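Below, each chain spelled out in residue letters.
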Amino acid sequence: MRIAICGTILVSGMLGQALPAVAQIVDQDEIIITARKREEAALRVPVVATVLPADELSSNQATDLYDIAALTPGLVLGAAPLEVGTEVSLRGIGSSPLDPGVDQSVALNLDGLPLGQGAAYSIGIFDMERVEILKGPQPLFFGKNSPGGVIAIRTADPGDHTEIVGSAAYEAEAREWQARLILSGPVTDGLGLRLSSQYASSDGYFRNTAIAIPESGAMQPDNRFGKSHALYLRLTALFHPSPDFTARLKLNITHDRRLGGLQEQLVRCPDGRFNYLPSIGLDLPSQYSANEDCKADRNLNIVDVDPNAFSVPNGGVNFTETGQHFGTLEMNWPLTPQFTLTSLTGYYRIRVDALQNGSWAGGAMAPLAITKGFRRREATQELRLASNLGGDFDFTGGVFLQGANITNDIGFFGNARYGLPRIALQGSHDVDIRSLALFGQARFRPAPQVEIAGGVRWTNEKRSDAPITYDVLGVVTGIEGEPIRPQLPRLHSRNWSPELTISWYPNPNLTFFGAFKQGYKSGSYNINQALNPGDDNSFGDERARGGEVGIKGHAGARQFFFDLAGYYYRYNGLQAGIIRITDAGVPVLATVNAGAAKVYGIDLTLRYRPGSVPGLSFTGSLNWNHGTFTRFANADCKPGQTVIEGCNQLPTPVTDPAELAAGYFSIDPVLGTPVRYNGQDLSGTPLHRAPRWQVAARADYVRPVGGNLELGMGARLQYSSRYVVDLGNRDNGFQSAFAKIGADIRLKARDDRWELALIGNNLTDRLTTGGCLNINYPGGGGVFPGIVTGAPIKGPAGSGETVCGFERGREFWLRFTVRPFGR
């Protein structure tokens, strides 16, 4: 019966729903959820979603959001360096930031707490009740800033009986240990507690084969890259003293420390491993490792930073350390049998400290080392009133408040071996956020088989970036001690985001629905780098408008479930990360509004659980997606990109006699003067991380063996067509198509007192990436001259090199779990 119930949760979940605040099993085919912050049957909710219950997460050894993406067609993740964190795209819509001041277009919602900072997405996935990925704009019920969708995570609550769970797991390739301990149960008649903890330690999946060149500022690194330690603690208190009041408190502490930083590696070296610096009069050794092969594999080459040449922390060892403290308090008061008032209070604090070898050099050290100290603190409060009138009309309405502060300390440290100042630049950005939103939805039932729901969210958000003081003379800005005021020190955004859905229920097993939605994400500031006087480091709002239609239901005596939806959305002001090359040849990271884009496609989910074969189930889901920029003029050119290669926008005058003599110019047809170009037109090109096809499929079989044993076996497939990982890199900025397969076998006691599982993920051993950068690698990322961009010919440095951050490949997990009291 327990297995049937778990299968039921998955079947019903695939109907598409939002994060449930309450879920109760009605029978083995249906559940009650609060997709619109009220209790509803899942089949009747007009939302497209992928729902992953706890048992499915466990069978796949899903421990982070990358594992969630492998199970969700349309969801693609990428990794960005230092404090920027994870980049998330859903149906091709997502932020591609190189800056921590950008909120993600796909919001994370953890037990009701809305989060948008990419570094927050490093949270470990453990002791979950369910994870739900809501596709398309979600304007009404999930905080703010979700024009691409929402990843809604619901962690487990204490139950009505004592529960102890201990688990130990080992992964062979990365030599990773995980240990979990969960203590849960009732304390009094009205109070339940649940303490969940997880500790993980890894030697790192990748090997570091860098060979440090002596007297270059480089230090020989450990031969294993990415050694890490992580600790996650969560306390849940569920208080229910009377039928008139319930409260749920969630308190979380997480700490992650990873040595080596982001696992970037060179995958394309168009000019070979050529050190051009001596040819321009700089007698400096090569940044290339002697072991560099310029291809994606388990070997990368990143030297550590010699503290004798740099004033850096952690003894010069590259690292990223993330600490998070957050929690929610949800309280529900049934004011009358018809009206319920809900209060949801949230608090979040994150700190990220990091050191990076500036351009991931693998031989001689880069000219700069970079440190970041990122802090974000925020508090949120939501009040919501919902009705249950029992007639043809109901409503939900409320108010949402947010106050947040972001601080980003920037440090650029020069390589003393090259004669650069030990402290090249230090400064800090300080951004304040104040947001107020009012939201409401009314539901009408003009006929028993028809529902019309309309709602709107009004948002008023203010952001400010304080004047910035750089403490020392900067090789980038040349400014010392004088406050630099942003060109737009205050941003004020107002937005109306409506939603209209129409649902038709011709019979209890079938639903047709259509939806019109608008999404919105506010603008913000680039805070990743230094400001020059007069710089405008702001960018504007991102907006979405469109809709979807779908059909879902059961067939074949409820053995078969299907969910098919088509969608079409247009986006304006899509926020995209770029690297702009300055006149001095120095790369500057920025986020810009990329004109307009459109996405359309189909989501399909199928599940079959034949009654004639108990314990057998099949699940398949597919996303066909077409996402393109309809307007994106003046995107950044890639280092060394010539006019004939598309770098023909944003002309700047060329007056330097040496550049004129070398032919590094064109005659602009409008200006009639010598110019070089800094932009390209990406209109009509694919969106970032937007594969045309993605498929996820799983077959699972569970059967009794022996007197008190149960055997489970599963196999799964993930497929993706190719997609863009480096915007504007027209010829080489793609992740090629791939297929990954996985399998698991589980033996356990039928009363759930123990389980032994062997789990294999990515058995095809495909290294895949969601994000790449194109940089002048031998020139220290552009610090040393030699790159010529936007001219008819290339300079001494030739074309830029491509570095990518890859997910790890094949995994073999062995896991043992004990539950002394069963489930």
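**Re the nonpolar core**
Part 1: In terms of nonpolar packing, the biggest core is built from 41 residues, with Ile68, Leu75, Ile151 and Ile153 touching the most fellow members.
Part 2: Setting aside its immediate chain neighbours within four residues, Ile68 contacts Leu52, Leu57, Ala62, Leu75, Val131 and Ile133.

**Points about the packing of aromatic side chains**
Part 1: Counted under the stated rule, the structure contains 19 aromatic pairs.
Part 2: Plain terms: the ring middles of Tyr170 and Trp177 are 4.7 Å apart, the flat faces sit at 45 degrees to each other, and that makes the pair tilted.
Part 3: Centroid distance Phe339 to Phe395: 6.1 Å. Interplanar angle 45 degrees. Geometry classified as tilted. Within this pair, whereas Phe339 is found in strand β24 (residues 339-357), its partner Phe395 is found in strand β26 (residues 393-414), the two being separated by 56 residues in sequence.
Part 4: An aromatic cluster is built from Phe339, Phe393, Phe395 and Phe444, whose rings are joined through pairwise contacts.
Part 5: Its end group placed over the ring of Tyr567, Arg91 keeps NZ or CZ at 3.7 Å from the ring centre.
Part 6: If you follow Arg234 out to its NZ or CZ, it ends over the ring of Phe126, 4.6 Å from the centre.

**Observations regarding the sheet that holds strand β51 (residues 769-775)**
Part 1: Pairing is antiparallel in the open sheet, where three strands are placed in the order β20-β52-β51. Two strands in the sheet have a free side with no partner beyond their single neighbour: β20 (264-268) and β51. The average angle at which neighbouring strand axes cross in this sheet is 35 degrees, direction not considered.
Part 2: Inspection of the sheet shows β51 paired to strand β52 (residues 801-806) by five bridges, in the antiparallel sense. Bridging from a neighbouring strand, Ile775 pairs with Glu801 of β52.

**Section: the sheet that holds strand β9 (residues 113-115)**
Part 1: With respect to topology, five strands assemble into an open sheet ordered β4-β10-β11-β8-β9, the strand pairing being mixed. Only two strands of the sheet have a single partner each, and these edge strands are β4 (49-53) and β9. Averaged over all neighbouring strand pairs, the angle between strand axes comes to 15 degrees, with direction disregarded.
Part 2: As defined by bridge partners, strand β8 (residues 106-110) adjoins β9 across three bridges and the pair is classed as antiparallel. Directly across from Asn109, in β9, lies its bridge partner Pro114.

**Some details on unusual backbone geometry**
Part 1: Here Gln61, not a glycine, exhibits a phi torsion of approximately 50 degrees, which is positive.
Part 2: Checked against the element boundaries, Gln61 lands in the loop between α2 (54-59) and α3 (65-70).
Part 3: Positive phi, normally seen in glycine, also occurs at Asn762, with a value near 50 degrees.
Part 4: Along the chain, the position of Asn762 falls in the loop between β50 (754-761) and β51.

**Describing the environment of Lys250**
Part 1: Here Lys250 lies in strand β19 (residues 245-259).
Part 2: At 3.0 Å, the side chain of Lys250 forms a polar contact with the backbone oxygen of Ala156.

**Structural notes on the pattern of salt bridges**
Part 1: A complete count under the given rule lists 47 salt bridges for this structure.
Part 2: Ionic pairing is found between Glu461 and Arg463, a salt bridge with its closest N-O pair at 2.9 Å.
Part 3: Taking the relative accessible area as the measure of exposure, Glu461 reaches 2% and is therefore buried.
Part 4: Look at Arg463 and you get buried, because its relative accessible area is 3%.
Part 5: Taking the shortest distance from any N to any O, the salt bridge between Lys638 and Asp726 comes out at 3.2 Å. Taken together, the residues span a long stretch of sequence, with Lys638 in the loop between β41 (635-636) and β42 (649-653) and Asp726 in the loop between β47 (723-724) and β48 (734-735) at a distance of 88 residues. Here Lys638 matches Asp726 in class, with each residue buried.

**Some words on the state of the cysteines**
Working definition: the covalent bond between the sulfur atoms of two cysteines is a disulfide.
Part 1: Under the counting rule described, the total for this entry stands at three disulfides.
Part 2: For Cys269, the disulfide goes to Cys294, at an S-S distance of 2.0 Å. Between Cys269 and Cys294 the sulfur-sulfur dihedral comes to about -80 degrees; the bridge is accordingly left-handed. Of the two residues, Cys269 sits in the loop between β20 and β21 (299-300) while Cys294 sits in the loop between β20 and β21, which places them 25 residues apart along the sequence.
Part 3: Accessibility expressed as a relative area gives 15% for Cys269, which makes it buried.
Part 4: Look at the chain and number its bonded cysteines as they come in the sequence; the links are 1-2, 3-4, 5-6.

**Thoughts on the confidence of the model for the chain**
In low-pLDDT regions, the fine details of the predicted coordinates are not to be read closely.
Part 1: Confidence in the prediction of the chain, expressed as mean pLDDT, is 88, and 92% of residues score 70 or more.
Part 2: Low pLDDT, under 50, characterises residues 1-28; the predicted model gives this stretch 99 contacts beyond four residues in sequence or across chains.
Part 3: Across residues 473-479, confidence stays below pLDDT 50; counting only partners more than four residues off in sequence or on other chains, it has 19 contacts.

**Concerning the environment of Arg349**
Part 1: Structurally, Arg349 is set in strand β24.
Part 2: Spatially, the C-alpha atom of Arg349 lies 9.5 Å from that of Gly327, the residues being 22 residues apart in sequence.
Part 3: Contacts of Arg349, omitting those with residues within four sequence positions, involve Gly323, Gln324, His325, Arg376 and Arg377.

**Some details on a nonpolar patch on the surface**
Part 1: A grouping of Leu181, Leu183, Val187, Leu193, Leu195, Leu235 and Leu251 is seen on the molecular surface, where their side chains present a nonpolar patch of about 540 Å² in accessible area.
Part 2: If you list the elements that add at least two residues to the nonpolar patch, you get β13 (176-188) and β14 (191-202).
Part 3: Counting residues per element, the nonpolar patch draws most heavily on β13, at three residues.

Conventions used here
- Throughout this description, residue numbers start from 1 for each chain and increase along the sequence as written.
- Confidence filtering applies because this is a predicted model: local features only for residues at pLDDT of at least 70, side-chain atom pairs given and counted only at 80 or more, and all residues used for totals across whole chains, interfaces and linings.
- As a convention, hydrogens and water are excluded, and side-chain values are obtained from all of the structure's heavy atoms.
- Nonpolar cores are built from buried Ala, Val, Leu, Ile, Met, Phe, Trp, Tyr and Cys residues. Side-chain atoms within 4.5 Å join them into one set.
- Buried residues are those whose accessible area, probed at 1.4 Å on protein chains only, stays under 20% of the maximum for their type, while exposed residues exceed 50% and partly exposed ones sit between those limits.
- Contacts: residue pairs with any heavy atoms within 4.5 Å of one another.
- Only Phe, Tyr and Trp rings are paired, with Trp represented by its six-membered ring, and only when their centres lie within 6.5 Å; those with planes under 30 degrees apart are stacked, over 60 edge-to-face, the remainder tilted.
- Think of it this way: any DSSP run of H or I at least four residues long counts as a helix, any run of E at least two long counts as a strand, and we number them from the N terminus.
- We call a charge positioned over a ring when the NZ of a Lys or the CZ of an Arg lies within 6 Å of the ring centre and within 35 degrees of the ring normal.
- What makes two strands pair is DSSP finding at least two bridges between them.
- Under this scheme, a helix contributes an axis fitted over its contacting stretch, all axes are lines through C-alpha atoms, and angles between N-to-C directions fall in the 0 to 180 degree range.
- Nitrogen and oxygen atoms within 3.5 Å of one another constitute a polar contact, given that in protein one can donate a hydrogen and the other can accept it, and given that sequence-neighbouring residues count only through two side-chain atoms.
- In what follows, salt bridge is the name for a side-chain nitrogen of Lys or Arg lying within 4 Å of a carboxyl oxygen of Asp or Glu.
- Two cysteine sulfurs form what is called a disulfide whenever their separation falls within 2.5 Å.
- pLDDT expresses, on a scale from 0 to 100, how confident the predictor is about each individual residue.
- Exposure above 30% relative accessible area and the lack of any salt bridge qualify a residue for a patch; like charges then connect within 9 Å, and the nonpolar side chains Val, Leu, Ile, Met, Phe, Trp and Tyr within 5 Å.
- To be clear on the numbers: accessible area is Shrake-Rupley with a 1.4 Å probe, and residue cover counts the displayed protein chains and nothing else.

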